[in-house]
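As a plain string of letters, each chain reads:
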Amino acid sequence: DEDASAHSCAIARYMGTGVFVTVTVPADKVEEFLKVMEADVKGSRAEKGCQRFDLLDLGDNKFSFYEVYENADAMAHHKTLPHYKGWADFKAANMDTVGASQTVVKFATAGPFP
């Protein structure tokens, strides 16, 4: 039906691509992690292709990042920027703990809805 088709097109126009990353940070590294992530969150939110970037504190030194970008190109560009490198360097320096704990879920958004 015509209304359903128009609705599908509207949703498709707004779909983004995202990632939900979860890590556990050793207690003695939380302060450093939060400093690194403050720069990553602020820098990411300033990117033209970034639609959303949130850092979530799940308790017990467990954190998740919820990131949404306009498209795969915008997400790939994000990984070339200095604020992302800060996170990548922190993870590499703590690969036995932070890196080993990391889980990643990739997704496409399904909205917004009218």
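Only a predicted model underlies this, so the values are computations on that prediction, with no experimental measurement involved.

Description of the layout of surface pockets
In this structure, the largest pocket encloses a volume near 210 Å³. Its residues assigned to classes, the lining of the largest pocket comprises 8 nonpolar, 2 polar and 5 charged.

Quick word on the packing of helix α2 (residues 30–46) against helix α4 (residues 82–93)
Axis angle and axis distance: for two packed helices, these are the angle between their axes and the distance between the axes, and together they describe the pair. The geometry of α2 relative to α4 is characterised by a closest axis approach of 8 Å and an angle of 150° between their N-to-C directions. Classified by the angle between their axes, α2 and α4 sit roughly antiparallel to one another. For the element pair α2 and α4, the recorded crossing hand is left-handed. Residue-level inspection shows Glu32, Phe33, Val36, Met37, Ala39, Asp40, Gly43 and Ser44 of α2 in contact with α4, the latter providing His83, Tyr84, Gly86, Trp87 and Phe90. Of the residues that constitute the contact of α2 with α4, the class distribution is 7 nonpolar, 4 polar and 2 charged.

About the criteria used
- Residues numbered from 1 in each chain as written.
- Predicted model: local features only at pLDDT ≥ 70, side-chain atom pairs only at ≥ 80, totals over all residues.
- Heavy atoms only, no water.
- 1 Å grid on protein atoms, 1.4 Å probe; cavity = no way out; pocket = protein on both sides within 12 Å on 5 of 7 lines; lining within 4 Å.
- Points joined across faces, edges and corners; volume = space filled by probe spheres on them.
- Nonpolar A, V, L, I, M, F, W, Y, C, P; charged D, E, K, R; others polar.
- Axes fitted to C-alpha atoms, helices over the stretch in contact; angles between N-to-C directions.
- Helix = DSSP H or I, 4+ residues; strand = E, 2+ residues; numbered from the N terminus.
- Parallel < 35°, antiparallel > 145°, perpendicular 65-115°, else oblique.
- Left-handed = near helix turned anticlockwise from the far one by under 90°.
- Contact = heavy atoms within 4.5 Å.

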